[in-house]
Amino acid sequence: MFSHVQQALDCLAAALDCVDTAPTGELRRTLGLAKSLRSRVELLETKAASVVAQRERHGDGGAGLLNQVGGRSRADAARNARTEAELAELPVARSGVAEGEISFANAAKLAQAARKTSADAVQADADLVQMAKTLPDDEFAQAAQRWAIQHQSADDLAVQHRRNRRNRHVRFWNGEDGSVQMRGSFDAEMGARIQGRLRRQAELLRQADRRRQTHSQPPGTTCDGGDSDAGSVPEAAVRTRDQRMADALDTLLATSAEPDGDAEPASETMPSSPAGSKAAEIIVRSDLAAFVGTPGGIAEICGGGPIPPSTVARLACNSDVWIEIFGDNLTPLYETVASRAPTAAQRRALIARDRACIGCGEPPGACEAHHITPCQRGGKTRLDNLVLVCWRCHDLIHDHNWQVTIRDGRYRLAPPDPAYQAEPAPQRKPKHPAPLPTGDESLWEDPAA
């Protein structure tokens, strides 16, 4: 076998010497063969490492050899070793790699989809396998993710979303060069909010950089160039995108540390609208099935990750989230409006009435408003259709069908027990609502009605 590989290397070396003089048509045909060659080389090295590791009882599937001998990064080595083992249950994918039709990266995504669903489901979907053969690695990664969402149960997706939220973290450490390093992980919803705020602030910094460049240019020159560099802003003074993102984080943290005097107290704001900052816009792409909670639906935060239908329903209760609903062939069907969320006055009245989360007593700063009758079923953003719940209890409502009830004159959260006889919460505005703490009767009205 070694002699065959050595001969192949010699042929490649001879081919490299001819690249500059080869006709264009021949170079194009060579590019097509390069994909097949790359897939087979990766399969060869991964299989060789796996066999050696098995014979010598390494216990890691060959990942160590791929890293130390093959020069792969530890992450790529572990991924390839795992993929090679899993391809045994995906003969269609394995044959595609062996024939050079499927890249090893796309085979890894097929194996990942099989872990989330089943090997039989992946094998049986000819369209998915065909996409693995024709799409580039980055495009197929998105296609495989959407396919897995469609074939996953809503419960599995909800468990994954809760796990991502539970594992959220931000860590700092000191680098060897004296810098401070940061790394974090967030669930799709939180990550989208953080990215939205950072990018909006970074865009303001970019515009400031452009204005500074323009004002520093001598007459007759432009930002794109000119006859003279005199008076122009030094190149080092123009921030890169990554530098603007870092400065945006510093700016936002400094702003939140010194809240504006007119900002609402932090204890009286919802998590999506922290004091002193404008709420970040989140765009959720969802089909109708995901919106109504039926199996097979797709929902994802644009620029983020997939979310379960229960999270779509919970997000629909908030003002800074617009949800675009698509039908077959991505036909737009429905879009929410910002009037879903309570106004600042309604939030204050809601906190004054419920005091804390109606389910567990979590302080109002960790709570958000929930529509008793969902907006997609005609529910209005009025105080008699809103209750204060924390994120965990909000998930209980949308994930596990907990019910908002009235007991002892107060809103409560009840488990989905048929024997529970508590009075259900009213679905419409009462004829004689109790006076609000502020005395403002207009708080009962939907501002967009």
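Residues numbered from 1 in each chain as written. Predicted model: local features only at pLDDT ≥ 70, side-chain atom pairs only at ≥ 80, totals over all residues. Heavy atoms only, no water.

1. With respect to the nonpolar core
Then, in step 1: Ranked by size, the top nonpolar core spans 21 residues in total, and within it Leu90, Ile102, Leu110 and Val122 carry the most contacts.
Then, in step 2: Of all the secondary structure elements, the ones that give two or more residues to this core are helix H5 (91–98), helix H6 (104–116), helix H7 (119–124), helix H8 (126–134) and helix H9 (137–151).
Then, in step 3: At six residues, the largest contribution of residues to this core is made by H6.
Then, in step 4: The residues touching leucine 110, leaving out its near neighbours within four places in the chain, are Leu90, Ala93, Ile102, Val122, Leu128, Ala132 and Phe140.
Then, in step 5: Formed by 19 residues, the second largest nonpolar core is a distinct cluster that contains Leu350, Cys357, Val387 and Val389. (Core = buried A, V, L, I, M, F, W, Y, C linked by side-chain atoms within 4.5 Å. Buried < 20%, exposed > 50% of the residue type's maximum accessible area, 1.4 Å probe, protein only. Helix = DSSP H or I, 4+ residues; strand = E, 2+ residues; numbered from the N terminus. Contact = heavy atoms within 4.5 Å.)

2. A word on the state of the cysteines
Then, in step 1: One pass over the structure, following the stated rule, counts zero disulfides.
Then, in step 2: Counting only cysteine sulfurs, cysteine 393 is the nearest neighbor of cysteine 357, a cysteine outside any disulfide, at a range of 3.6 Å.
Then, in step 3: Note on cysteine 357: relative accessible area 5%, which makes it buried.
Then, in step 4: Of all cysteine sulfurs in the structure, the one in cysteine 360 sits closest to cysteine 390, which takes part in no disulfide; the separation is 3.6 Å. (Disulfide = S-S within 2.5 Å.)

3. A word on the side chain of aspartate 187
Then, in step 1: As for its placement among the helices and strands, aspartate 187 is situated in the loop between strand E2 (180–185) and helix H11 (188–216).
Then, in step 2: Of the side chains with opposite charge, arginine 165 comes closest to the buried, unpaired aspartate 187, at an N-O distance of 4.0 Å.
Then, in step 3: Among the polar contacts listed, one links the side chain of aspartate 187 to the backbone nitrogen of methionine 190, at a separation of 3.0 Å.
Then, in step 4: Once residues within four sequence positions are removed from consideration, aspartate 187 is found in contact with His161, Asn164 and Arg165. (Lys, Arg positive; Asp, Glu negative; His and termini not counted. Salt bridge = Lys/Arg side-chain N within 4 Å of Asp/Glu carboxyl O. Polar contact = N/O pair within 3.5 Å; in protein donor to acceptor, adjacent residues only side chain to side chain.)

4. A closer look at unusual backbone geometry
If a residue is not glycine, its phi is most likely negative; likewise, a peptide bond is most likely trans.
Then, in step 1: Non-glycine residue arginine 355 carries a positive phi angle of around 70°.
Then, in step 2: As for its placement among the helices and strands, arginine 355 is situated in the loop between helix H15 (344–354) and strand E7 (367–371).
Then, in step 3: In this model, asparagine 401 sits at a positive phi of 60°, which is unusual for a non-glycine residue.
Then, in step 4: By the element assignment, asparagine 401 lies in the loop between helix H16 (391–400) and strand E9 (403–407).

5. Overview of the pattern of salt bridges
Then, in step 1: Within this structure, the stated rule accounts for 16 salt bridges.
Then, in step 2: Put simply, arginine 82 and glutamate 86 hold a salt bridge, and the shortest N to O gap is 3.3 Å. Residue arginine 82 and its partner glutamate 86 are located together in helix H4 (residues 74–86), separated by four residues, close to a single helical turn.
Then, in step 3: Exposure remark for glutamate 86: the relative accessible area of 18% places this residue in the buried category.
Then, in step 4: Between aspartate 247 and arginine 239 there is a salt bridge; the shortest N-O distance is 3.2 Å.
Then, in step 5: Overall, aspartate 247 belongs to the partly exposed group, its relative accessible area being 30%.

6. Quick notes on the packing of H6 against H9
Then, in step 1: Contact pair H6 / H9: the axes reach a minimum separation of 10 Å and the direction vectors enclose 10°. In terms of axis orientation, H6 runs roughly parallel to H9. Here Ala105, Asn106, Lys109, Leu110, Ala113 and Lys116 of H6 lie close against H9, whose contacting residues are Asp137, Phe140, Ala141, Ala144, Trp147 and Ala148.
Then, in step 2: The residue inventory of the contact of H6 with H9, partitioned by class, reads eight nonpolar, one polar and three charged. (Axes fitted to C-alpha atoms, helices over the stretch in contact; angles between N-to-C directions. Parallel < 35°, antiparallel > 145°, perpendicular 65-115°, else oblique. Nonpolar A, V, L, I, M, F, W, Y, C, P; charged D, E, K, R; others polar.)

7. So, the packing of helix H2 (residues 24–55) against H4
Then, in step 1: Contact geometry of H2 with H4 gives a least axis separation of 10 Å together with a crossing angle of 85°. Put simply, H2 runs roughly perpendicular to H4. Of the residues in H4, those in contact with Glu42, Thr46, Lys47 and Ser50 of H2 are Arg79, Asn80, Ala81 and Glu84.
Then, in step 2: Split into classes, the residues belonging to the contact of H2 with H4 amount to one nonpolar, three polar and four charged.

8. Thoughts on a nonpolar patch on the surface
Then, in step 1: A cluster of nonpolar side chains, contributed by Met1, Val5, Leu9, Leu12, Leu37, Val41 and Leu44, occupies part of the molecular surface with about 600 Å² of accessible area.
Then, in step 2: Note that valine 41 resides in helix H2. (Patch = residues over 30% accessible without salt bridge, like charges linked within 9 Å, V, L, I, M, F, W, Y side chains within 5 Å. Areas by Shrake-Rupley, 256 points an atom, 1.4 Å probe, with all protein chains shown as cover.)

9. Remarks on helix H10 (residues 154–166)
Count 3.6 residues to each turn of an α-helix, and residues three or four apart come out pointing the same way.
Then, in step 1: The terminal C-alpha atoms of H10 lie 18 Å apart, and with 13 residues this matches the ideal 18 Å at 1.5 Å per residue to within 8%.
Then, in step 2: Among all positions in H10, only Leu157, Ala158, Gln160, His161 and Arg165 are buried. An end-on view of H10 places all buried positions within 160° of arc, on one side of the element. Along H10, exposed side chains directed more than 90 degrees from the buried face belong to Asp155 and Arg166. (Expected span 1.5 Å × (residues − 1). Arc of directions from axis to C-beta.)

10. Notes on the confidence of the model for the protein
Then, in step 1: Overall, the predicted model of the protein reaches an average pLDDT of 76, with 75% of residues at or above 70.
Then, in step 2: The secondary-structure element of the protein with the lowest mean pLDDT is strand E11 (residues 423–424), recorded at 46, while H8 shows the highest, at 91.
Then, in step 3: Predicted confidence is poor over residues 259–277, with pLDDT under 50, and the contacts of this stretch with residues over four places away or in other chains come to 42 contacts.
Then, in step 4: Between residues 420–449, whose pLDDT stays under 50, and residues either more than four places distant or in other chains, the model counts 52 contacts. (pLDDT = per-residue confidence, 0-100.)

11. Focus on the environment of alanine 366
Then, in step 1: Examined against the element boundaries, alanine 366 turns out to sit in the loop between H15 and E7.
Then, in step 2: Given a relative accessible area of 29%, alanine 366 falls into the partly exposed group.
Then, in step 3: With 26 residues separating them in the primary sequence, alanine 366 and arginine 392 have C-alpha atoms 9.9 Å apart.

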